[in-house]
Structures are given as structure tokens and as C-alpha cells.
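Per-entry structural report
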Amino acid sequence: MTQFSSSSGGEPARFHAGDEVRVRVDNPGGHFRTPTYIQGQTGRVHKLCGVFPNPESLAYGGDGQPAQPLYRVEFSQKEVWPEYGGPASDMIHVDIYQHWLEPV
């Protein structure tokens, strides 16, 4: 996958490591890159992975523009799955594009 810098026409990164974010809830139909089990959940940005063409646009023959920052977001497994039986410190990391994230 081609990575772009935000200076090459991509959306500027709005979040930084440590920022608390909520995943937008939506079911647009067709191709979307955010798991439904994580939608509506609140997590913390672990890192910015880079800026990439928007895969939802590419899936429908679009040009992937504007390119979107992609973040690795950390969630408590216990909050995502309340019946999770492991340690409360267990986390799940999910890569999520910026247009799916909202500030908390």
C-alpha cells in the first residue's frame, strides 16, 4: 500500500499518541474498514501509522483521496467484551482511519 505524507494532499493528522478517541458508529453498507465490534468504543491512540489512500474510496474505483491518517488505537478488552475472562490489563489494538474517529 502506498503511504503519503500529509504534505502530499492527505488530511492532516488530528490525533496524537495518548489522545482519547471514540470510534464512530455507522453501517454504510458495502466496503468499510472499521470492525462493527469496535464501533462506539472509546480507546487511546497508540501511534500514527502513516497517511494512506482512503480504502473505502479505492474499493469503489475512486482515487482514495483525500488520503487519511491511519492510527493504531488501543482498547481495553474488558470494555470491548464485558464477558472477557482475562486480566483487566489485556488490550486489543485496532488500526483505524481518521475519518472513523472522534475526539473524546
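Let us look at the structure shown here.

The rules behind each value
Residues numbered from 1 in each chain as written. Predicted model: local features only at pLDDT ≥ 70, side-chain atom pairs only at ≥ 80, totals over all residues. Heavy atoms only, no water. Helix = DSSP H or I, 4+ residues; strand = E, 2+ residues; numbered from the N terminus. Buried < 20%, exposed > 50% of the residue type's maximum accessible area, 1.4 Å probe, protein only. Contact = heavy atoms within 4.5 Å. Areas by Shrake-Rupley, 256 points an atom, 1.4 Å probe, with all protein chains shown as cover. Pairing = 2+ DSSP bridges. Axes fitted to C-alpha atoms, helices over the stretch in contact; angles between N-to-C directions. Core = buried A, V, L, I, M, F, W, Y, C linked by side-chain atoms within 4.5 Å. Phe/Tyr/Trp six-rings, centres within 6.5 Å; stacked < 30°, edge-to-face > 60°. Lys NZ or Arg CZ within 6 Å of the ring centre and 35° of its normal. Salt bridge = Lys/Arg side-chain N within 4 Å of Asp/Glu carboxyl O.

1. Quick notes on the overall build of the protein chain
Check the secondary structure of the protein chain and you find two helices and five strands. Helices (α) and strands (β) of the protein chain occur, in sequence order from the N terminus, as β-β-α-β-α-β-β. Looking at the protein chain as a whole, 35% of its 104 residues qualify as buried. In the protein chain, the proportion of contacts linking residues at least 24 apart, taken out of those at least 6 apart, comes to 64%. In the form shown here, the protein chain has an accessible surface area of approximately 5800 Å², with 49% of it arising from carbon and sulfur atoms.

2. Structural notes on the sheet that holds strand β4 (residues 91-97)
The five strands lie next to each other as β4-β3-β2-β1-β5, forming an open sheet whose pairing is antiparallel. Bordering the open sheet on either side are β4 and β5 (101-103), each of which pairs with just one other strand. Sheet twist, expressed as the mean angle between neighbouring strand axes with direction ignored, is 45 degrees. Alignment of strand β2 (residues 42-52) against strand β3 (residues 68-76), held across seven bridges, turns out to be antiparallel. Bridge pairing in β3 links Gly 50 to Leu 70.

3. What about the side chain of Thr 34?
Within the secondary structure layout, Thr 34 lies in the loop between β1 (20-23) and β2. Each residue touching Thr 34, except ones within four places of it in the same chain, is listed here: Val 23, Gln 39, Ile 96 and Trp 100.

4. What to know about the nonpolar core
Core analysis: the largest hydrophobic core is formed by 15 residues, its most contacted members being Ile 38, Val 73, Phe 75, Ile 96 and Leu 101. Excluding residues that lie within four positions of it along the chain, Ile 38 makes contacts with Val 23, Phe 75, Val 80, Val 94 and Ile 96.

5. Describing the packing of aromatic side chains
Tallying each qualifying case throughout the model produces two aromatic pairs. Seen from their ring centres, Phe 15 and Tyr 71 are 5.6 Å apart, and the 70 degrees between their planes marks the pair as edge-to-face. With a gap of 56 residues between them, Phe 15 in the segment before β1 and Tyr 71 in strand β3 connect regions that are remote in the sequence. The ring of Trp 100 carries the charged tip of Arg 24 above its face, separated from the ring centre by 4.0 Å.

6. Here we look at the pattern of salt bridges
Think of it this way: side chains of opposite charge can pair up when their charged atoms draw near. One pass over the structure, following the stated rule, counts two salt bridges. Across the salt bridge formed by Arg 24 and Asp 26, the nearest N and O atoms sit 2.8 Å from each other. What makes Arg 24 partly exposed here is its relative accessible area of 22%. The shortest N-O distance in the salt bridge between Arg 72 and Asp 95 comes to 2.8 Å. Here Asp 95 lies in strand β4 and Arg 72 lies in strand β3, a separation of 23 residues in the sequence.

7. Comments concerning unusual backbone geometry
Cis geometry is adopted by the peptide bond preceding Pro 66, which originates at Gln 65 and carries an omega value of -5 degrees. Mapped onto the elements of the fold, Pro 66 is located in the loop between α1 (55-58) and β3.

These results come straight from atomic positions and should not be treated as a statement about function.
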